[in-house]
Amino acid sequence: MDKKELKKIVGDVRKQNSIFSDKSFLDNLAVPNSIIGRENESKKLVKFLLSYEKGLVVPLVSIYGRSGSGKSTIVQFVCKNLDVNFCYVNLRKAKTVFGCINLILSELGHENLKNAQGMNNAFVILEKLIIQMLDKSGNSLFVLCLDEFDTLFYDKRGKPSDFVYKLVVLVEKLRALKKHMCIITISNKVLSEFNLDDRVISRIGTSEIYFDSYSQSDVLKIIRNRAKKSFLEKIDDDVLQYCANISSEEHGDARRAIDLLRTSGEIAGIENKKISKKHIDEAVSQLQKNQITTIISGGSYHFRLACAALSRLTYVNDEGWHSTSELFKQYQKIVSSETRQISYRRFSEMLVELVNSGIAVSKTESKGRHGYGSQFKLTVDPDLIGHSCFTDWWTSVVESKKKKDDALRSVEALKSMSFGKRYSRFGNLYHNLGL
Ligand SMILES: Nc1ncnc2c1ncn2[C@@H]1O[C@H](COP(=O)(O)OP(=O)(O)O)[C@@H](O)[C@H]1O
Ligand SMILES: [Mg+2]
């Protein structure tokens, strides 16, 4: 890149930003200063957190609901505005259970530990840090927020249930010292879906708060408020309504609505125009592309092969659901001969990863006396996935499908030409073409 190219990039970014007054209101990671609605959920959370004041300690509160329903935001907003010390971590940033404890320690200002230093040692340090923090602030309650809690359970070797047990034991230890701790877990799933063992379950009680998905009008209220603060000019209400409708198609998702609003603003900025519905449509496809590229480029080679296998089967057969064994066969066909293949079991885990990333959905089906098997289906256009995985390979898949379709079409044409004749003059041509 030379200076001229950089100058052009700077110019483009300025253009993108030209219609905003303050983009921070469209940042999904920032906690807003005011919350729209959600009084009931906030009230329940405050009640759980402050029950220690009357002698009842709630060791763990489980917050659950679908994405974009305000879970992360409301938990942080409440904790920030109470007289408590709190530590908020998003466990998606940690790949292992030990990575989780390191994430917590580093959030509390401690350096990372090596695996060899051990989990018990890490907990001794955590306890010390919490006591120091509470002593310094004069608060009595420490709140540990574990967002995207389900990612902890991807590391089966790291004994996630043991980790939660150690946290709960820490709560009990602190209580004996007249200090209090409450763990808040945030997830799309309800707590009973996790593999927690009985000694954990019997200690944590049943303090749960469900975040229902927003209605279309809730989403509209949220983005109306953000639009007012972040754009120089007023956005037409029917454009905001359109954005809210799209973001509520599957379930009311405030994150998607804010992302859409920001991206369509950037697209409109480049065109030097006011935001219109067309810009929202363009933003929908741009966001989907970005999301897929991020997921795929962050995945391992075998993860991309699993994506490619599902995309090829879906594309070539025009069909949705595919079994693990079908997909594994397809994977074996496309894996490069120089690469060592992963086992069937590891491949099934890869497919679960695919579902976790949102690219596919799965269902379990009975195979009669052979027990149960999983089936997988893409949630996005196979062409988009195939391209992002292996561009050259995908181009050849598309070409060969086109050839096959063309051949089929000409056969159809021949069939219609020979309509009415018992024996076609093309002899067994159909047969030769494999029909
Ligand atoms: N009630 C609300 N009032 C204002 N903004 C909200 C509200 N609920 C969610 N948001 C915004 O929507 C986006 C997604 O919310 P988030 O808390 O990340 O959802 P979740 O954690 O449930 O996936 C964030 O930008 C957040 O600021
Ligand atoms: Mg969240």
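On a plain count of helices and strands, the chain comes out with 17 helices and 8 strands. With the C-alpha coordinates aligned to their principal axes, the bounding extent of the chain is approximately 95 × 60 × 50 Å. Relative to its full complement of 435 residues, the chain shows a buried share of 43%. Partitioning the contacts of the chain with sequence separation of at least 6, the portion at a separation of at least 24 is 69%. In the form shown here, the chain has an accessible surface area of approximately 24,600 Å², with 50% of it arising from carbon and sulfur atoms.

A few words now on the domain arrangement of the chain. When its domains are assigned, the chain resolves into domain 1 (3-20 + 215-295), domain 2 (39-211), domain 3 (301-389) and domain 4 (402-432). The C-alpha-based centres of domain 2 and domain 4 are spaced at 67 Å.

At a closest axis distance of 9 Å, the pairing of helix 9 (residues 237-247) and helix 10 (residues 254-270) adopts a crossing angle of 135°. One element, helix 9, and the other, helix 10, form an angle in the oblique class. Crossing handedness for the pair helix 9 and helix 10: right-handed. For the pair formed by helix 9 and helix 10, the contact residues are Leu-240, Cys-243, Ile-246 and Ser-247 on the first element and Arg-256, Ala-257, Leu-260 and Leu-261 on the second. Its residues assigned to classes, the contact of helix 9 with helix 10 comprises 6 nonpolar, 1 polar and 1 charged.

Only one face of strand 5 (residues 207-211) is covered, namely the one carrying Ser-207, Ile-209 and Phe-211; the face carrying Glu-208 and Tyr-210 has none of its residues buried. Sheet topology note: the strand 1 (residues 60-65)/strand 5 ladder contains 5 bridges and is parallel. Across the sheet, the residue bridging to Ile-63 is Ile-209, located in strand 5.

Another aspect to go through is the sheet that holds strand 4 (residues 180-187). With parallel pairing, the 5 strands of this open sheet are ordered in space as 2-3-4-1-5. Of all the strands in the sheet, the pair left with one neighbour each is strand 2 (85-90) and strand 5. Sheet twist, expressed as the average angle between the axes of neighbouring strands with direction ignored, equals 15°. Where helix 3 (residues 71-80) meets the sheet, its contacts fall on strand 1, strand 2, strand 3 (141-147), strand 4 and strand 5, and the angle it forms with strand 4 comes to roughly 160°. Its contacts with the sheet put helix 5 (residues 119-137) on strand 2, strand 3 and strand 4, and the angle it makes with strand 3 is roughly 130°.

Rules and cut-offs
Residues numbered from 1 in each chain as written. Chains lettered and ligands numbered in written order. Predicted model: local features only at pLDDT ≥ 70, side-chain atom pairs only at ≥ 80, totals over all residues. Heavy atoms only, no water. Helix = DSSP H or I, 4+ residues; strand = E, 2+ residues; numbered from the N terminus. Buried < 20%, exposed > 50% of the residue type's maximum accessible area, 1.4 Å probe, protein only. Contact = heavy atoms within 4.5 Å. Areas by Shrake-Rupley, 256 points an atom, 1.4 Å probe, with all protein chains shown as cover. Domains from an automatic or database assignment. Axes fitted to C-alpha atoms, helices over the stretch in contact; angles between N-to-C directions. Parallel < 35°, antiparallel > 145°, perpendicular 65-115°, else oblique. Left-handed = near helix turned anticlockwise from the far one by under 90°. Nonpolar A, V, L, I, M, F, W, Y, C, P; charged D, E, K, R; others polar. Pairing = 2+ DSSP bridges.

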